[in-house]
Amino acid sequence: MEAIRLEFKSEIKEKILKLLSVFSSEELKIVQEDPDFDANKKKLDAALEKIKNGTAESCTLEELDAYLEKTISEYEN
């Protein structure tokens, strides 16, 4: 199946749902969108822009491993 995202004014929601009701559940499934979609998209777009322009912070696998080991050891006791 394919998916599309629709944006519409709230006053036409009933009309849209009525139109879509002519399709069977095998043909069409209405999926509730993640309420945090726009906020998450904004964060990911900002992170991608930092990667593209070279300002993103990064580390080696060894640095990551050391950081994780330190963090884990703090919670082991």
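Residues numbered from 1 in each chain as written. Predicted model: local features only at pLDDT ≥ 70, side-chain atom pairs only at ≥ 80, totals over all residues. Heavy atoms only, no water.

Participant: Got a minute to help me understand the overall build of the protein chain in this structure?
Facilitator: Helix and strand content of the protein chain: 3 helices and 0 strands. Taken from the N to the C terminus, the helices and strands of the protein chain come in the order α-α-α. Against the 2.2 N^0.38 benchmark of 11 Å for 77 residues, the protein chain shows a C-alpha radius of gyration of 22 Å, more extended than a compact globule. Taken over the C-alpha atoms alone, the protein chain extends approximately 55 × 35 × 25 Å along its principal axes. Summing over all exposed atoms, the protein chain offers an accessible surface of approximately 8100 Å²; the carbon and sulfur share of this is 55%. Within the protein chain, the 19 negative side-chain charges are centred at a point lying 11 Å from the centre of the 12 positive side-chain charges. (Helix = DSSP H or I, 4+ residues; strand = E, 2+ residues; numbered from the N terminus. Rg over C-alpha atoms; globule rule 2.2 N^0.38 Å. Areas by Shrake-Rupley, 256 points an atom, 1.4 Å probe, with all protein chains shown as cover. Lys, Arg positive; Asp, Glu negative; His and termini not counted. Charge placed at Lys NZ, Arg CZ, Asp CG, Glu CD.)

Participant: Can you help me understand a negative patch on the surface in this one?
Facilitator: Together, Glu62, Glu63, Asp65, Glu69 and Glu76 give the surface a local cluster of negative charge. Here Asp65 lies in helix 3 (residues 61-76). (Patch = residues over 30% accessible without salt bridge, like charges linked within 9 Å, V, L, I, M, F, W, Y side chains within 5 Å. Salt bridge = Lys/Arg side-chain N within 4 Å of Asp/Glu carboxyl O.)

Participant: So what exactly am I meant to see when it comes to the pattern of salt bridges here?
Facilitator: As a working rule, side chains carrying opposite charge can pair if their charged atoms are close by. This structure, assessed with the given rule, holds 4 salt bridges. Among the salt bridges present, the one from Glu7 reaches Arg5, with a minimum N-O distance of 3.8 Å. Accessibility expressed as a relative area gives 67% for Glu7, which makes it exposed. Between Asp45 and Lys41 there is a salt bridge, and its shortest N-O distance comes to 3.0 Å. Of this pair, Asp45 and Lys41 both sit in helix 2 (residues 37-53), 4 residues apart, which is roughly one turn of that helix. A relative accessible area of 39% means that Asp45 is categorised as partly exposed. Owing to a relative accessible area of 41%, Lys41 belongs among the partly exposed residues under this scheme. Within this structure, Arg5, Glu7, Glu33 and Asp38 form a network of salt bridges that share partners. (Buried < 20%, exposed > 50% of the residue type's maximum accessible area, 1.4 Å probe, protein only.)

Participant: Could you clarify how one ought to interpret a nonpolar patch on the surface in this entry?
Facilitator: A cluster of nonpolar residues, Leu61, Leu64, Tyr67, Leu68 and Ile72, forms a patch on the protein surface that exposes about 520 Å² of accessible area. Tracing the sequence through the fold places Tyr67 in helix 3. Here Tyr67 falls in the exposed class, since its relative accessible area comes to 54%.

Participant: Just to check I follow, could you spell out the layout of surface pockets for this structure?
Facilitator: Its volume calculated, the largest pocket comes out at about 750 Å³. Lining the largest pocket are 18 residues, and of these Ile4, Leu6, Lys29, Ile30 and Val31 lie nearest its centre. Grouping the amino acids of the lining of the largest pocket by side-chain chemistry returns 11 nonpolar, 1 polar and 6 charged. (1 Å grid on protein atoms, 1.4 Å probe; cavity = no way out; pocket = protein on both sides within 12 Å on 5 of 7 lines; lining within 4 Å. Points joined across faces, edges and corners; volume = space filled by probe spheres on them. Nonpolar A, V, L, I, M, F, W, Y, C, P; charged D, E, K, R; others polar.)

Participant: Please explain helix 2 as it appears in this structure.
Facilitator: An α-helical turn contains 3.6 residues, so any two residues separated by three or four positions project in the same direction. The first and last C-alpha atoms of helix 2 sit 24 Å apart over 17 residues, in line with the 24 Å expected at 1.5 Å per residue. In the segment just after helix 2, Gly54 is the residue with positive phi, at about 80°. (Expected span 1.5 Å × (residues − 1).)

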